[in-house]
Amino acid sequence: MTPTITAFDRSPDRGKGQARDMRVRWALEEVGQPYDVRLVSFSEMKQPAHRALHPFGQIPTYQEGDLALFESGAIVFNIADRNDGLLPDDANARARAIAWMFAALNTLEPPIVDLGAAMLLERDKTWYEQRLPIVEDRIRHRLGELSSRLGDADWLDGAFSAGDLLMVTVLRRLNGSDILNEYPNLAAYVVRGEARPAFRRAFEAQMAVFTAGSTS
């Protein structure tokens with residue numbers, strides 16, 4: 001059965017591929033799974049029909065038969081768990097890849113999202129100039145640790161995995177700042193992820209929504 005995911009009907013990031021349906025699209029492209037997309041507006045996301053799928057009124061959601069999921073990390077894990085290509089066969093390597101999935105979403109993403117929220121929503125606050133360096137330093141602390149661990153390797157733990165997929169999408173959220181460029185091996189790591197054919201297909205599919213919306 002072809003799964004259906006939900007995505008914004010207008011690109012809130014102006015086609016930069018940051019919305020979290022990008023992660024799900026990429027995972028599906030990596031495993032070669034066709035999928036359908038149902039576009040929802042911001043108002044529709046808050047309606048009971050969508051909240052039945054996502055209790056917090058966000059995207060993405062994932063439906064396949066009688067399975068309905070929300071949260072991008074959980075959806076990517078489900079895709080990786082049920083298909084070949086995103087998790088290693090070796091049990092220990094598989095466990096490590098899953099650990100990197102959690103690290104991307106729980107350790108790296110929160111301070112990066114905090115920076116985005118500060119720059120978008122807090123510029124008019126009197127304490128903005130004082131708070132911004134604190135948020136940036138938290139990000140640098142985590143990036144420094146990640147950079148040391150990655151070293152000169154292509155991927156986090158051997159072959160490309162769902163851990164890398166989520167980590168790259170998290171790090172891409174820094175594209176609007178210069179912080180990532182302070183860590184050349186991490187910047188190159190993101191470029192490698194973006195060069196994967198499956199990423200390009202997913203990005204083009206998400207970008208097509210923005211293109212269609214901007215010409216309507």
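Quick caveat: nothing in here was measured; it's all calculated off a predicted structure.

1. What about unusual backbone geometry?
Piece 1. The omega angle of the peptide bond from I59 to P60 is 5°, so this bond is cis rather than trans.
Piece 2. Locating P60 in the fold gives a position in the loop between α3 (48-51) and β3 (61-64).
Piece 3. Positive phi values are uncommon outside glycine, yet E71 reaches one of about 75°.
Piece 4. Inspection of the secondary structure puts E71 in the loop between β4 (67-70) and α4 (72-82).
Piece 5. Given a relative accessible area of 38%, E71 falls into the partly exposed group.

2. Let's talk about the side chain of S161
Piece 1. Its place among the elements puts S161 in the loop between α6 (128-150) and α7 (162-171).
Piece 2. When neighbours within four sequence positions are excluded, S161 is seen to be in contact with L86 and A97.

3. Here we look at the side chain of H54
Piece 1. Looking at the secondary structure, you find H54 in the loop between α3 and β3.
Piece 2. According to the relative accessible area criterion, H54 is buried, its value standing at 2%.
Piece 3. Not counting residues within four places of it along the chain, the set of residues in contact with H54 comprises I59, P60, T61, F70 and E71.

4. Considering the pairing of strand β1 (residues 4-8)
Piece 1. Burial within β1 is extensive, with four of its five residues counted as buried.
Piece 2. Where β1 meets strand β2 (residues 36-40), five bridges bridge the pair, whose relative direction is parallel. Considered in β2, the bridge of F8 is made with V40.

5. Focus on the pattern of salt bridges
Piece 1. Summed over all chains, the structure comprises twelve salt bridges.
Piece 2. Between R201 and E29 there is a salt bridge; the shortest N-O distance is 2.9 Å. Residue R201 is found in helix α9 (residues 197-215), and its partner E29 is found in helix α1 (residues 21-31); the two are separated by 172 residues along the sequence.
Piece 3. Classification of R201 as partly exposed rests on a relative accessible area of 39%.
Piece 4. Overlapping salt bridges, with partners in common, bring together R20, R23 and E109 in one network.

6. So, the packing of aromatic side chains
Piece 1. One pass over the full model with this rule turns up seven aromatic pairs.
Piece 2. Where W155 meets F160, the ring centres are 5.0 Å apart and the plane angle is 75°; that geometry is what we call edge-to-face.
Piece 3. By relative accessible area, which is 13% here, W155 ends up buried.
Piece 4. An angle of 15° between the planes, with centres 6.0 Å apart, marks the rings of F199 and F203 as stacked. Residue F199 and its partner F203 are located together in helix α9, separated by four residues, close to a single helical turn.

Calculation criteria
- Residues numbered from 1 in each chain as written.
- Predicted model: local features only at pLDDT ≥ 70, side-chain atom pairs only at ≥ 80, totals over all residues.
- Heavy atoms only, no water.
- Helix = DSSP H or I, 4+ residues; strand = E, 2+ residues; numbered from the N terminus.
- Buried < 20%, exposed > 50% of the residue type's maximum accessible area, 1.4 Å probe, protein only.
- Contact = heavy atoms within 4.5 Å.
- Pairing = 2+ DSSP bridges.
- Salt bridge = Lys/Arg side-chain N within 4 Å of Asp/Glu carboxyl O.
- Phe/Tyr/Trp six-rings, centres within 6.5 Å; stacked < 30°, edge-to-face > 60°.

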